[in-house]
Amino acid sequence: MSETLPACPECASPHGYAMGELLVCPECGHEWSPTEQTGEAEEPDGARSAVKDAVGNILADGDTVSITRTMKVKGSPQGLKAGTKVRNIRLVPPVDGHDIDARIDGFGPMKLKSSVVKKI
Ligand SMILES: [Zn+2]
């Protein structure tokens with residue numbers, strides 16, 4: 001085993017092992033996510049709050065956007081069409097890259113990626 005894993009952030013033990021998405025420390029029992037850690041460390045102060053749309057406009061809570069490309073939606077035969085208007089978006093901490101929470105007519109509440117919307 002030559003795999004190098006980061007030391008435990010709690011007790012600095014080098015014996016941590018991967019368990020699914022998480023790293024687990026056998027010394028102190030601490031569990032942490034390696035991806036989450038690096039993401040935070042690399043993010044400069046304030047950068048996280050600026051969520052931009054497909055063309056670089058900064059998005060804010062309550063904005064109205066349109067979908068820039070047609071997307072498949074689980075349980076919907078026609079999917080979400082490009083050009084669909086989404087009113088009153090809410091910015092949320094990203095989950096798998098989805099950083100917008102919205103309610104879309106005919107679809108209900110949905111999570112969207114800021115990279116597939118354009119501010120109107
Ligand atoms: Zn530890």
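This report concerns the structure included in the present document. Everything numeric here is computed off the predicted structure, so don't read it as measured data.

Rules of the game
Residues numbered from 1 in each chain as written. Predicted model: local features only at pLDDT ≥ 70, side-chain atom pairs only at ≥ 80, totals over all residues. Heavy atoms only, no water. Donors = N, O, S within 2.8 Å, 3.2 Å for Na, K, Ca; no water. Tetrahedral: all angles 85-135°; square planar, octahedral: opposite > 155°, others 65-115°. Helix = DSSP H or I, 4+ residues; strand = E, 2+ residues; numbered from the N terminus. Buried < 20%, exposed > 50% of the residue type's maximum accessible area, 1.4 Å probe, protein only. Contact = heavy atoms within 4.5 Å. Core = buried A, V, L, I, M, F, W, Y, C linked by side-chain atoms within 4.5 Å. Salt bridge = Lys/Arg side-chain N within 4 Å of Asp/Glu carboxyl O.

### Notes on the coordination of the zinc ion
Part 1 of the reasoning: Looking at the metal site, the zinc ion is ligated by Cys8 (SG), Cys11 (SG), Cys25 (SG) and Cys28 (SG), spaced 2.3 to 2.4 Å from it.
Part 2 of the reasoning: Around the zinc ion, the four donor atoms sit at angles spanning 106 to 115°, and that spread fits a shape best called tetrahedral.
Part 3 of the reasoning: The motif formed by the donor residues of the zinc ion, counted along the single chain, is C-x2-C-x13-C-x2-C. Within this pair, whereas Cys11 is found in the segment before β1 (17-19), its partner Cys25 is found in the loop between β2 (22-24) and β3 (31-32), the two being separated by 14 residues in sequence.
Part 4 of the reasoning: Accessibility expressed as a relative area gives 37% for Cys11, which makes it partly exposed.

### Comments concerning unusual backbone geometry
Part 1 of the reasoning: For Ala12, which is not glycine, the phi dihedral falls at a positive 65°.
Part 2 of the reasoning: Inspection of the secondary structure assignment puts Ala12 in the segment before β1.
Part 3 of the reasoning: Not every positive phi belongs to a glycine, and Asp96 is a case in point at roughly 55°.
Part 4 of the reasoning: Position of Asp96 relative to the elements: it lies in the loop between β10 (90-95) and β11 (98-104).

### A short note on the environment of Ser114
Part 1 of the reasoning: Position of Ser114 relative to the elements: it lies in the loop between β12 (108-112) and β13 (117-119).
Part 2 of the reasoning: C-alpha separation for the pair Ser114 and Ile100, spaced 14 residues apart in sequence, amounts to 6.4 Å.
Part 3 of the reasoning: Once residues within four sequence positions are removed from consideration, Ser114 is found in contact with Val51, Lys52, Asp53, Ala54, Leu59, Asp99 and Ile100.

### Things to note about the nonpolar core
Soluble, globular proteins show a tendency: their nonpolar side chains are buried together.
Part 1 of the reasoning: Counting 16 residues, the largest nonpolar core has Leu80, Val86, Leu112 and Val117 as the members making the most contacts within it.
Part 2 of the reasoning: Contributions of two or more residues to this core are made by β6 (65-67), β7 (71-73), β11 and β12.
Part 3 of the reasoning: Among the elements that take part in this core, β11 stands out by supplying three residues, more than any other.
Part 4 of the reasoning: Other than its neighbours up to four places away in sequence, Val117 contacts Asp53, Ala54, Leu59, Val65, Ser66, Ile67, Thr68, Ile100 and Leu112.

### Some remarks on the pattern of salt bridges
Part 1 of the reasoning: Taken as a whole and judged by the stated rule, the model has four salt bridges.
Part 2 of the reasoning: Here Arg87 makes a salt bridge to Asp105, at a shortest N to O gap of 3.5 Å. Taken together, the residues Arg87 in the loop between β9 (85-86) and β10 and Asp105 in the loop between β11 and β12 connect sequence positions 18 residues apart.
Part 3 of the reasoning: A salt bridge links Asp101 to Arg90; its shortest N-O distance comes to 3.0 Å. With a gap of eleven residues between them, Asp101 in strand β11 and Arg90 in strand β10 connect regions that are remote in the sequence.
Part 4 of the reasoning: Take Arg90: its relative accessible area is 45%, and that puts it in the partly exposed class.
Part 5 of the reasoning: Members of the salt-bridge network, linked through shared partners, are Arg90, Asp101 and Lys111.

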